[in-house]
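# What the coordinates show
What follows is the residue order along each chain.
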Amino acid sequence: QVQLVESGGGLVQPGGSLRLSCAASGSIFRVYTMAWYRQAPGKQRELVAGITRSGEINYTDSVKGRFTISRDNAKNTVLLQMNSLKPEDTAVYYCYCNAVRLVGGNLIDYWGQGTQVTVSS
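Presented here is an overview of the structure given in this document. (Residues numbered from 1 in each chain as written. Predicted model: local features only at pLDDT ≥ 70, side-chain atom pairs only at ≥ 80, totals over all residues. Heavy atoms only, no water.)

### Concerning the overall build of the chain
Our working definition: Strands are runs of DSSP state E lasting at least 2 residues, helices are runs of H or I lasting at least 4, and numbering of each runs from the N terminus. All radius of gyration figures rest on C-alpha atoms, and the globule criterion is 2.2 Å times the number of residues raised to 0.38. Exposure classes here rest on a 1.4 Å probe applied to the protein chains alone. A residue is buried below 20% of its type maximum, exposed above 50%, and partly exposed in between.
Scanning the chain from terminus to terminus reveals 0 helices and 11 strands. In the chain, the succession of α and β elements from N to C terminus is β-β-β-β-β-β-β-β-β-β-β. Relative to the globule expectation of 14 Å for 121 residues, the C-alpha radius of gyration of the chain, 14 Å, shows essentially globular dimensions. Looking at the chain as a whole, 39% of its 121 residues qualify as buried.

Right, here's the structure in full:
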């Protein structure tokens, strides 16, 4: 099995910063895409930022210039640096990856348990 463990959420004032981290562990052969999604109350889950194993990155338009995603392939970790946070960034943030396990060989999607980010004064 593969587990994703997130950390770094919390309460921050508008204009502040937070850094989310996520580590994938378990019987992993290789992790491919890693990403952060978020879900606000009453809304659908949306992609915030994604990064491929080769380093190709995409961001949703609303976070471009404020958020930065990065990863460490050797450690199977992904970070999301969030600056200039706005109240509309408030959501539960989920770590995602797709990976091939040591046994099986199929590419499977995995999700973290979610971490709350609240931007409020």
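### A look at the pairing of strand β11 (residues 115–119)
Defined as follows: Note on pairing: DSSP must find at least two bridges between two strands before they are called paired.
Burial along β11 is one-sided: the face carrying Thr-115, Val-117 and Val-119 is buried and the face carrying Gln-116 and Thr-118 is not. Looking at chain direction, strand β2 (residues 10–12) and β11 are connected through 3 bridges and run parallel. Bridge pairing in β11 places Val-12 opposite Val-119. As paired elements, strand β9 (residues 91–101) and β11 share 3 bridges and run antiparallel to each other. Residue pairing for β11: Val-92 is matched across the bridge by Gln-116.

### Considerations on the nonpolar core
This is how it is decided: In these notes, a set of buried Ala, Val, Leu, Ile, Met, Phe, Trp, Tyr and Cys residues joined through side-chain atoms within 4.5 Å is what counts as a nonpolar core. The contact criterion used throughout is that any non-hydrogen atoms of two residues lie within 4.5 Å.
Formed by 30 residues in total, the largest nonpolar core has its most connected members in Trp-36, Val-48, Phe-67, Val-78, Leu-80, Met-82 and Tyr-93. Of all the secondary-structure elements, those providing two or more residues to this core are β1 (2–7), β3 (18–26), β4 (28–39), β5 (46–51), β7 (67–72), β8 (77–82), β9 and β11. At 5 residues, the largest contribution of residues to this core is made by β9. When residues no more than four places from it in sequence are discounted, the contact partners of Val-78 are Leu-20, Ser-21, Cys-22, Met-34, Trp-36, Ile-51, Ile-69, Ser-70, Arg-71 and Cys-95.

### Things to note about the environment of Ser-70
Turning to its location among the elements, Ser-70 is positioned in strand β7. With residues near it in sequence (within four places) discarded, Ser-70 still touches Ile-51, Thr-77, Val-78 and Leu-79.

### Digging into the sheet that holds β7
What holds strands together in a sheet is hydrogen bonding between their backbones, with the strands either parallel or antiparallel. As a reminder, the rule being used: Comment: axis = line fitted to C-alpha atoms, over the contacting stretch for helices; angle = value between 0 and 180 degrees taken between N-to-C directions.
Reading across the sheet, the 4 strands line up as β1-β3-β8-β7 and stay open at both edges, with antiparallel pairing between neighbours. Bordering the open sheet on either side are β1 and β7, each of which pairs with just one other strand. Each strand of the sheet is rotated relative to its neighbour by a mean of 15°, with strand direction disregarded.

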